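# Tertiary structure, described
Here are the chains, one letter per residue:
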Amino acid sequence: MSQVNLVEKKADELPGINARTSTTKLSKAKAIAFKITLVTALAISASTYFVKRPLNGSTVGTLENGVDLCPQVDELVPEKNGVIWESLQHVYSTEEFKTRAIDWLGGAVRIPTETFDDMGDVTEPVWEKFLPLHDYLKDSFPLLHSNLELTKVNTYGLLYVWKGSNSALKPFLLAAHQDVVPVLETTIDEWQHPPFSGYFDGESLWGRGSCDDKSGLIGIMSAIESMLENGFKPTRTVVIASGFDEEVSGIRGASSLATEMIERFGENAFAMLLDEGSGYGEVYGRVIAVPAIAEKGTLNVQIKVTSPGGHSSLPPPHTSIGMLAELLVQYEKNPFETHLTRGSPTYRNAQCMAQYAPGVSSSLKEHMLHAEHCDEALRAAQEELFKDRTFMSLVGTTQAIDLVDGGVKVNALPEQAWAIVNHRISTESSIAATKVRDIELLKSLANDFNLSYTAFGSYVSNEDAPSYGALTLSTAFGDGLEPAPVTPSGEDAAPFRLLSGTIKAAYNSHRNISGSDAIIVSPGIMSGNTDTRFYWKLTDHIFRYGHLEAAGGGSLPSGVHTVNEAISINSFVGMIGFYTTLVLNVDESSLP
């Protein structure tokens, strides 16, 4: 029996309802989304279809007709390594360990490791700021440094290898970066506590890097140091890769680390990889964790206009700046078309919200229920979801005019003007498609202004035709980055299921609760890029997740990349517990 027939049959069994004959009046939105009469039954008795299931391995919120928009797993508590896990969970709950965590992270935050765009090669003295951090790590985590093999890559990159007893198993890779974004001198007075103080106010630890990403690096090391103190010896090799210029694209750090790991371990050599990313938080009334299974691509496009100069007392109808302004208005009048695509990370995230978040509207729940097989339902869901501009930006390719320059003197006509547009490319698009769209967007204006038109090294207009000036599109700050490969996250994707179960176990253990419905795990996407951009060849299973509590689930904690960055110590201790649980679970897993 087909799904539709099954639903119709169940609807027919409802008292006073027949899915084929009911004439109950539907809302206009529902009528557009679902032009089949069985929706009437669903609309009248939706509570019959969304039911709670017992926590015996089944999911909570599964639909009675068998449709499961967002399959969940049970919490995954280590079994083989259960004694060590239980012992460490007790340790992590003590005030003594909390004090150690404050000291570990606070000490790292107090060592400024800001990176800037113009720092040059690693031979420049400015990079030596990382040496005090390396000394601090060695002193603070003595067991880690005596049991793990450390290789320094390109001077300041750190590659630790914790050898397991079974070399046939693929290693597990953990990543975190050492550098932090700069603190502007003009904003220091806006900080509640000095940005490199590592000040603990009794609840939160303050300072640049407390969330991004020294909490990740120190959290990983704290977990491993604690496991070593309890006598744990891994079966599966664990590798830690720590870059030092992630905030300025990772071209010296993670790029060099990737080359080293490819040479040492080979391509597709790792079972899975975890790097920094979003965390968990309440979304529409439900706590949801959002490990990112993809990253958007990026492309910076420079739009440059040149035209004859001269004295400004004899101006032409349009100066270079005026023409550039019109071109930029053309961009902002014409954002990229954005469509919610079945199977994409954002679509999967919407499915999870629709199934589990009580604050999601009943109409969106119904739209998402049918969106998998009904185009009208998909479009109706898209219309409702795109009312949230943040969600819409995560779905599609975006554009932002970030830099502009032109003119040198108030009485001189500008001979050139330029601007740079930053694109974040959808996982369903590409650099090539983004370039084609930009080229087409400006064709008519180039013609109107009589500008010769060259884009990305090729002539768009007739190169021999006379013109008043020139319009040139080119890439800026590199050639761009394609969207990351999407990590498998279906029901047969063992690494994602393992991560999901680990998130639930760590969340529950930290709160001394049990069960699998306290937190829901949903695939998601990173709007920015991490060091994982260089690690695509190492494994197909790349996750970006930090296990930090933040408003909005997939959002980052407040203060990241701005003033008053701080982390709750309770959340940081939970983070250490998460890394511990993950290492132990991966160690005893059946992953290759």
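This structure is a prediction, so every number in the text was calculated from the model and none was measured.

## Topic: the packing of helix 17 (residues 494-511) against helix 18 (residues 569-587)
Taken N-terminus to C-terminus, the directions of helix 17 and helix 18 make an angle of 135°; their axes are 9 Å apart at the nearest point. Relative to helix 18, the element helix 17 lies oblique. Between helix 17 and helix 18 the crossing geometry is right-handed. Where helix 17 abuts helix 18, its residues Leu498, Leu499, Thr502, Ile503, Ala505, Ala506 and His510 lie against Asn570, Val573, Gly574, Gly577, Phe578, Thr581, Leu582, Asn585 and Val586.

## What about the side chain of Arg544?
With respect to the helices and strands, Arg544 occurs in strand 17 (residues 542-549). With a relative accessible area of 1%, Arg544 lands in the buried category.

## Comments concerning the UniProt feature "binding site: Zn(2+) 1" (unreviewed entry) in the protein
Here, the residues flagged by UniProt with the feature "binding site: Zn(2+) 1" (unreviewed entry) are Asp212, Glu247 and His561. These annotated residues cover 350 residues of sequence, but their C-alpha atoms sit close together, with the largest distance between any two at 9.8 Å. In contact with Glu247, other than residues within four places in its own chain, are Thr115, His177, Asp179, Val180, Val181, Asp212 and His561. The exposure class assigned to His561 is partly exposed, which follows from its relative accessible area of 46%. Once residues within four sequence positions are removed from consideration, His561 is found in contact with Val181, Arg208, Asp212 and Glu247. Among the polar contacts made by the side chain of His561, one reaches the side chain of Asp212 at a distance of 2.9 Å.

## Here we look at the state of the cysteines
Under the defined criterion, the tally for this structure stands at one disulfide. Each disulfide pairs two cysteine sulfurs, and for Cys70 the partner residue is Cys352, the sulfurs being separated by 1.9 Å. Judged by the sign of its S-S torsion, about 80°, the bond between Cys70 and Cys352 is right-handed. Of the two residues, Cys70 sits in the loop between helix 4 (46-49) and helix 5 (82-92) while Cys352 sits in helix 12 (residues 345-356), which places them 282 residues apart along the sequence.

## Describing the packing of aromatic side chains
Going through the model one piece at a time under the given rule, you end up with 14 aromatic pairs. With a centroid separation of 5.7 Å and an interplanar angle of 80°, the aromatic rings of Trp162 and Phe232 are classed as edge-to-face. A residue pair is termed long-range when its members are at least 10 positions apart, and Trp162 in strand 2 (residues 157-162) and Phe232 in the loop between helix 9 (214-229) and strand 5 (238-242) qualify at 70 residues. Trp162 sits in the buried class, given a relative accessible area of 3%. Ring geometry for Tyr280 versus Tyr507: centroids 5.4 Å apart, planes at 90°, classification edge-to-face. Residue Tyr280 is found in strand 6 (residues 272-283), and its partner Tyr507 is found in helix 17; the two are separated by 227 residues along the sequence.

Conventions and cut-offs
- Residues numbered from 1 in each chain as written.
- Predicted model: local features only at pLDDT ≥ 70, side-chain atom pairs only at ≥ 80, totals over all residues.
- Heavy atoms only, no water.
- Axes fitted to C-alpha atoms, helices over the stretch in contact; angles between N-to-C directions.
- Helix = DSSP H or I, 4+ residues; strand = E, 2+ residues; numbered from the N terminus.
- Parallel < 35°, antiparallel > 145°, perpendicular 65-115°, else oblique.
- Left-handed = near helix turned anticlockwise from the far one by under 90°.
- Contact = heavy atoms within 4.5 Å.
- Buried < 20%, exposed > 50% of the residue type's maximum accessible area, 1.4 Å probe, protein only.
- UniProt positions renumbered as here; feature names shortened; annotations may be inferred.
- Polar contact = N/O pair within 3.5 Å; in protein donor to acceptor, adjacent residues only side chain to side chain.
- Disulfide = S-S within 2.5 Å.
- Phe/Tyr/Trp six-rings, centres within 6.5 Å; stacked < 30°, edge-to-face > 60°.

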